[in-house]
Amino acid sequence: MSATAAALQPGLACDPATLRSMGYPRLRAVAGDIRQFLIENVCRNGGHLGPNLGVVELTLALHRVFRSPRDRILFDTGHQAYVHKIVTGRQDFTSLRLRDGLSGYPSQAESVHDIIENSHASTALSYADGFAKADEVREIAGRTTVAVVGDGALTGGMCWEALNNIGGSSRPVVVVLNDNGRSYAATSGGIADHLADLRMGYGPNVFEELGFVYIGPVDGHDLPALEHALREARSYRSPVVVHCVTVKGNGFAPAEADANDRMHAVGPSGSQSKPTWTDVFASEIVDIGAQRDDVVCLTASMLLPTGLGEFARRFPKRIFDVGIAEQHMVTSAAGLAMGGCHPVVAVYSTFLNRAFDQVLMDVALHRLPVTFVLDRAGITGPDGASHHGVWDIGLMTAVPGLRLAAPRDPAQLRELLREAVVATGPTVVRFPKASAGESIEAIDRVGPVDILRSTGTDVLLVSMGPVAEVCLEAAALLEAEGVGVTVVDPRWIVPCSPALAALARAHRKVFTVEDGGREGSAGSLLAQAIPEIPVHTIGYPRAFIAHASRQQILESHGFTGAAIAATVLEGQA
Ligand SMILES: Cc1ncc(C[n+]2csc(CCOP(=O)(O)OP(=O)(O)O)c2C)c(N)n1
Ligand SMILES: CC(=O)[C@@H](O)[C@H](O)COP(=O)(O)O
Ligand SMILES: [Mg+2]
């Protein structure tokens, strides 16, 4: 019987205890129901379909062999934890990734079975190392720490730092390698080649060399084989790697046939796709690449999501996919720059967080011409707190010599990207996960600063990035209240330009609006430049912001014309 669209067939108990009481025929039927449930619900609401279809049997086996939450089951990245949620009491996916609904990642608030909420890859083995050490220090025996890590995540350096610490110890850690041969695209490089050898059953085994017992390759869709391997792993009471071979998108032909990414992440059904900021970048970087043969592009396993697909097709010798390895990517870009290239590092804002030291000490300290293109900057939405790109401005304001641009529209993205790739030092260009919108013309330009509207000097409204439309709406509302407003767009928001400071000094009050955190904001740089004039910064609080749609979060944080106008009027008082 196929599962209903809203929830698994009522009464289909598939909690861990019930799962343990089932025979394999019944289990296989449950696996089929779960697969159908995932297809119906994720295709409707959006989410990570391919990864979860690939771990149905694996997750059932994990919960039959290990006793969560006493045994911890950690999911690396967490995008593949839907089945885990279904078997731990959360079978209504109608609210998946919606405001106040089910998170698309493990959530401690949802269940005692959920542990890692961070959606950044390659962390689970380090958590496992810590948990196992804590049990040893506290002399808690008899439980196992299990970490499920994908072959893509395994290309992340943190995994190998953790393997170095876990291997050879006597701590009961079971690493379940979910090897489907893909990140988004097929994984490549030395680790991928080694895993391919192991999948064929031959070759020296890196895990054994590091002090692990290696069990595998195991068919990741064969329930008896999986359980046998996991029971054996549990029995060793020492570090073990169980190498499971799975199929991303298993059981759903359109996913299995998806050459790009096996339906890694699908949008809500019926969602219209207007040209996005990523599309604008994707076309401009190809034009730049055609004119500049020193321009090379780098991605951390996200070639298509960051818009580099066409660049890769046109310039196959000038594209580098380094795996999920942002720290390495940045310092490799530093090497490329020292070697005479102009690297363009395309990365989601939130994932650059982990490469801050590399930006600071490997790129900026050497004053290198590297351009960072930060997609998904600002609020992203359904992926929740660890995916919002709200820290990049604050981090980058601390980097000496680095300049950061926040385009307001497609035309400015093209213009600022071209300015960035001819800069002699490090530059950043950031834009959100959103449709690119219409161009917003300037009425004048003072130095690098665009004047968008000017009806008086009571208030200077500084629009930074994709907020010009709501700033202009606010200005119209304020003018109706008799407040004279000038709206400007600095374009380069870090560091604060003298032209912007001079404009601000000609006004009574200054308000800045930016799609980023208030702490360390570009607005705070302006405030430091003009201490004699009050500057009010509109941005996000120093908080982790829960998942909802981008628009819902923008509105709830005052990013509307009316709310900005009200803030200005209050500030005027
Ligand atoms: C640090 C970091 N970089 C990039 C991403 C984006 N991302 C999410 S899932 C994924 C691929 C993960 O591949 P794998 O670990 O093999 O899991 P699978 O989807 O194949 O199950 C990537 C690159 C991320 N979550 N974290
Ligand atoms: C889990 C992960 O990090 C990515 O799959 C992310 O969910 C993709 O985000 P976008 O949908 O914004 O590309
Ligand atoms: Mg994978």
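Please read all numbers here as calculations on a predicted model, not as lab measurements.

Rules used in this analysis
- Within each chain, residues carry numbers counting from 1 in the order of the written sequence.
- Going through the entries in the order they are written, you letter the chains from A and number the ligands from 1.
- It should be noted that, the model being predicted, local features are given only for residues of pLDDT at least 70 and side-chain atom pairs only at 80 or more, the latter also being counted only at that level, while totals for whole chains, interfaces and linings use all residues.
- Calculation of side-chain values draws on the structure's entire complement of heavy atoms; hydrogens and water are dropped beforehand.
- Site definitions follow a grid-based scheme: protein atoms alone, a 1 Å grid, a 1.4 Å probe that fits but cannot get out for cavities, and for pockets an open set with protein on both sides within 12 Å along at least five of seven lines, plus lining residues having an atom within 4 Å of a point.
- Grid points are joined across faces, edges and corners, and a volume is the space filled by probe spheres set on the points.
- Each helix is a run of DSSP H or I of at least 4 residues and each strand a run of E of at least 2, with the numbering of both proceeding from the N terminus.
- Polar here means any residue other than Ala, Val, Leu, Ile, Met, Phe, Trp, Tyr, Cys and Pro, which are nonpolar, and Asp, Glu, Lys and Arg, which are charged; Gly is therefore polar.
- The donor definition counts N, O and S atoms within 2.8 Å of each metal and applies 3.2 Å to Na, K and Ca; water is not among these atoms, so some sites may look incomplete.
- Each residue's exposure class comes from its accessible area (1.4 Å probe, protein chains only) as a fraction of the maximum for that residue type: buried when under 20%, exposed when over 50%, partly exposed otherwise.
- When we say a residue is near a molecule or strand, we mean one of its heavy atoms is within 4 Å of it.
- Contacts described as polar in this section are N or O atom pairs within 3.5 Å, which, within protein, must combine one atom able to donate a hydrogen with one able to accept it, while residues neighboring in sequence count only if both atoms come from side chains.
- Throughout, the Shrake-Rupley method with a 1.4 Å probe supplies accessible areas, and for residues the shown protein chains are the sole cover considered.
- Domain start and end points were adopted from an automatic or database domain assignment.
- Any two strands with at least two DSSP-identified bridges between them are counted as paired.
- Between N-to-C directions, angles cover 0 to 180 degrees, with each direction set by a line fitted to C-alpha atoms, over the stretch in contact for helices.
- Put simply, two rings from Phe, Tyr or Trp (the six-membered ring, in Trp's case) pair if the centres are within 6.5 Å, and we call them stacked under 30 degrees between planes, edge-to-face over 60, tilted for the rest.
- A ring has a charge above it when a Lys NZ or an Arg CZ is no more than 6 Å from the ring centre and no more than 35 degrees off the ring normal.
- UniProt positions are given in the numbering used here, feature names are shortened, and annotations may be inferred rather than shown by experiment.
- Throughout, a residue-residue contact means that at least one pair of heavy atoms, one from each residue, lies within 4.5 Å.
- The criterion is simple. A nonpolar core is a set of buried Ala, Val, Leu, Ile, Met, Phe, Trp, Tyr and Cys residues joined through side-chain atoms within 4.5 Å.
- Two parts placed together each lose some accessible area under a 1.4 Å probe, and adding up what both lose gives the buried area.
- Any Lys or Arg side-chain nitrogen located within 4 Å of an Asp or Glu carboxyl oxygen qualifies as a salt bridge.

Draft legend 1. Broad picture of empty space enclosed by the protein. Across all of its chains, the model carries one cavity of 30 Å³ or more by this definition. For the largest cavity, the calculated volume is near 30 Å³. Lining the largest cavity are Ile 73, Leu 74, Phe 75, His 84, Pro 106, His 113, Asp 114, Ile 115 and Ile 116. The leading source of residues in the lining of the largest cavity is strand E1 (residues 72-75), at three residues. Of the residues in the lining of the largest cavity, the class split is six nonpolar, two polar and one charged.

Draft legend 2. Focus on the coordination of the magnesium ion (ligand 3). Ligation of the magnesium ion (ligand 3) by protein atoms is provided by Asp 151 (OD), Asn 180 (OD1) and Arg 182 (O), these donors lying 2.0 to 2.2 Å from the ion. Expressed as a motif, the donor residue spacing for the magnesium ion (ligand 3) is D-x28-N-x1-R. Here the residue Asp 151 occupies a position in the loop between strand E2 (145-150) and helix H7 (157-166), and Arg 182 occupies one in the loop between strand E3 (173-179) and helix H8 (190-199), the gap between them amounting to 31 residues. For the pair formed by Asp 151 and Arg 182, the shared burial category is buried.

Draft legend 3. Region of interest: the site of ligand 1. Near ligand 1, the surroundings consist of 22 residues, among which His 79, Gly 152, Asn 180, Lys 248 and Glu 326 are the closest. At a separation of 2.8 Å, an oxygen atom of ligand 1 approaches a polar side-chain atom of Asn 180. Contact distances for ligand 1 include 2.7 Å between a nitrogen atom and a side-chain N or O atom of Glu 326. Burial of ligand 1 by the protein chains amounts to 98% of its free accessible area of 590 Å². Split by residue class, the shell around ligand 1 holds seven nonpolar, 10 polar and five charged. Taken domain by domain, the makeup of the shell around ligand 1 includes at least three residues from each of domain 1 (3-266) and domain 2 (277-430).

Draft legend 4. Spotlight on the sheet that holds strand E15 (residues 485-489). The strand order across the open sheet built from six strands is E12-E13-E15-E14-E17-E18, with neighbouring strands paired in mixed fashion. Taken across any chain shown, the strands that pair with only one partner, and hence form the sheet edges, are strand E12 (444-446) and strand E18 (535-540). Geometrically, the sheet is characterised by an average inter-axis angle of 25° between neighbouring strands, direction not taken into account. Bridging between strand E17 (residues 509-517) and E18 involves five bridges; their strand directions are parallel.

Draft legend 5. Molecular detail of the site of ligand 2. By nearness alone, every residue bordering ligand 2 is listed as His 48, His 79, Tyr 105, Tyr 184, His 264, Tyr 348, Phe 351, Arg 376, Asp 383, His 387 and Lys 433. In the model, an oxygen atom of ligand 2 is placed 3.3 Å from a nitrogen or oxygen of the Tyr 105 side chain. For ligand 2, an oxygen atom lies 2.9 Å from a polar atom in the side chain of Tyr 184. Burial of ligand 2 by the protein chains amounts to 89% of its free accessible area of 360 Å². Split by residue class, the shell around ligand 2 holds four nonpolar, four polar and three charged. Each of domain 1 (3-266) and domain 2 (277-430) gives at least three residues to the shell around ligand 2.

Draft legend 6. Structural view of the packing of aromatic side chains. Counted according to the given criterion, the structure contains 10 aromatic pairs. Both rings, one in Phe 37 and one in Phe 93, keep their centres 5.1 Å apart while their planes meet at 75°; by these two values the pair is edge-to-face. Of this pair, Phe 37 sits in helix H2 (residues 24-45) while Phe 93 sits in the loop between helix H5 (82-86) and helix H6 (124-137), and the two are 56 residues apart along the sequence. Each member of the pair Phe 37 and Phe 93 is classed as buried. The cationic tip of Arg 318 hangs over the ring face of Phe 315; the distance from NZ or CZ to the ring centre is 4.4 Å. Geometry around Trp 492 places Arg 403 over its ring, the cationic atom sitting 4.0 Å from the centre.

Draft legend 7. Highlighting the UniProt feature "binding site: thiamine diphosphate" (unreviewed entry) in the chain. Following the UniProt record, the feature "binding site: thiamine diphosphate" (unreviewed entry) maps to His 79, Ser 119, His 120, Ala 121, Gly 152, Ala 153, Asn 180, Phe 252 and Glu 326 here. With the annotated positions falling across 248 residues, the maximum pairwise C-alpha distance of 31.6 Å shows that they are not confined to a single cluster. Position of His 79 among the secondary structure elements: in the loop between E1 and H5. Those residues in contact with His 79 that sit more than four places away from it in its chain are His 48, Pro 51, Asn 52, Gly 104, Tyr 105 and His 264. Note on placement: Gly 152 falls in the loop between E2 and H7. We classify Gly 152 as buried; its relative accessible area is 5%. In this structure Gly 152 touches Arg 182, Ser 183, Thr 187 and Ile 324, once residues within four positions along its chain are discounted.

Draft legend 8. Local environment of the nonpolar core. Leu 352 and Phe 372 are the most contacted members of the largest nonpolar core, which totals 51 residues. Ranked by residues supplied to this core, first place goes to helix H14 (residues 326-338) with six residues. Built from parts of two domains, this core gets at least three residues from each of domain 2 (277-430) and domain 3 (444-570). Discounting residues that sit within four places of it in the chain, Phe 372 has contacts with Val 330, Val 345, Leu 352, Val 359, Val 363, Thr 427, Val 428 and Val 429.

Draft legend 9. Structural view of the domain arrangement of the chain. Here the chain is described as being made up of domain 1 (3-266), domain 2 (277-430) and domain 3 (444-570). Across the boundary between the two partners, domain 2 contributes 31 residues, which contact 32 residues of domain 3. Interface area lost by domain 2 to domain 3 is led by Ile 379, Ile 393 and Arg 408, which between them contribute 28%. Its salt-bridge partner being Glu 419, residue Arg 491 comes within 2.6 Å of it at the nearest N-O pair. Inspection of the domain 2/domain 3 interface yields 18 residue pairs in polar contact (both at pLDDT 80 or more). At five residues, helix H18 (residues 410-420) tops the list of elements feeding residues into the side of domain 2 that touches domain 3. For the side of domain 2 that touches domain 3, the per-class residue count stands at 17 nonpolar, nine polar and five charged.

Draft legend 10. Quick peek at the sheet that holds strand E9 (residues 371-375). Sheet architecture is open: seven strands sit in the order E7-E6-E8-E9-E11-E10-E16, paired in mixed fashion. Bordering the open sheet on either side are strand E7 (319-321) and strand E16 (492-494), each of which pairs with just one other strand. This sheet shows a mean twist of 25° between the axes of neighbouring strands, independent of strand direction. One ladder, built from four bridges, connects E9 with strand E11 (residues 427-430); its direction is parallel. The partner of Val 373 across the bridge, within E11, is Val 429. Running at roughly 165° to E11, H18 makes contact with strand E8 (342-348), E9, strand E10 (403-405), E11 and E16 of the sheet.

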